[in-house]
Amino acid sequence: MIGTALRGAFMMSRAVAPMMIPARRGLIVNISFWAAQLYEGNAIYGIAKAAADKMAADFAHELRSHNVAAIALYPGLVRTEAVLENAEYFDMSNSESPQFIGHVIAGLWRDPALMLKSGHALIAAALAREYCITDIDGYRPVPLSAADFVRD
């Protein structure tokens, strides 16, 4: 989680930011999750997601004067191959296609207020509602909150 996913996000951001700066426009998106703020399965997962949120916040601070935005984006339950193979263990009623987050990122890119969102952790389904984006099947996923993940 840290050595591959987090390091990969950092290295990619480090590689593309120098091209975004002279263009005076850019968007760096770190895929994160509520595990950044809550215990969700194991410590390493939470640490990696918290670091992704912090990386987006700090990149946003450092790149703001260049009009380059950085955000952490929280998807819902994504219908990946692994999730579909184990669908019997999940409530799939509010799941998202893998394409959904791409449509949300495209919406962010078109948002004239993108720089106001820079530095924040944002919920993909909430942005989709703001941008009137539906999933590929026409469904509008319900935005989740931290309360949806709190366990006794």
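Relevant structure appears above.
What counts, and where the lines are drawn
Residues numbered from 1 in each chain as written. Predicted model: local features only at pLDDT ≥ 70, side-chain atom pairs only at ≥ 80, totals over all residues. Heavy atoms only, no water. Helix = DSSP H or I, 4+ residues; strand = E, 2+ residues; numbered from the N terminus. Buried < 20%, exposed > 50% of the residue type's maximum accessible area, 1.4 Å probe, protein only. Contact = heavy atoms within 4.5 Å. Core = buried A, V, L, I, M, F, W, Y, C linked by side-chain atoms within 4.5 Å. Axes fitted to C-alpha atoms, helices over the stretch in contact; angles between N-to-C directions. Parallel < 35°, antiparallel > 145°, perpendicular 65-115°, else oblique. Left-handed = near helix turned anticlockwise from the far one by under 90°. Nonpolar A, V, L, I, M, F, W, Y, C, P; charged D, E, K, R; others polar. Salt bridge = Lys/Arg side-chain N within 4 Å of Asp/Glu carboxyl O.

Right, let's get into the environment of P98. Summarising the element assignment, P98 is placed in helix α4 (residues 98–110). The exposure class of P98 is partly exposed, given its relative accessible area of 46%. Taking the C-alpha atoms as reference points, P98 and T80, 18 residues apart in sequence, are found 6.6 Å from one another. When residues no more than four places from it in sequence are discounted, the contact partners of P98 are V78 and R79.

Quick look at the nonpolar core now. Formed by 16 residues in total, the largest nonpolar core has its most connected members in L73, V104, L108 and L127. Only β2 (68–74), α4, α5 (114–117) and α6 (124–131) provide two or more residues apiece to this core. If sequence neighbours within four positions are ignored, V104 has contacts with L73, A124, L127, A128, Y131 and I133. Core analysis: the next-biggest nonpolar cluster, separate from the first, contains 11 residues, M55, F59, A60 and V68 among them.

For the pair α4 and α6, interaxial distance at closest approach is 9 Å and the crossing angle is 55°. The orientation of α4 with respect to α6, classified from their angle, is oblique. Note on packing geometry: the crossing formed by α4 with α6 is left-handed. Where α4 abuts α6, its residues F100, I101, V104, G107 and L108 lie against A124, A125, L127, A128 and Y131. For the contact of α4 with α6, the per-class residue count stands at 9 nonpolar, 1 polar and no charged.

Let's shift gears to the pattern of salt bridges. The tally for this structure, following the rule as stated, stands at 4 salt bridges. Of the charged contacts, one joins D58 and K54 as a salt bridge, the two residues approaching to 3.0 Å between their closest N and O atoms. Of this pair, D58 and K54 both sit in helix α2 (residues 43–63), 4 residues apart, roughly one helical turn. According to the relative accessible area criterion, D58 is partly exposed, its value standing at 33%.

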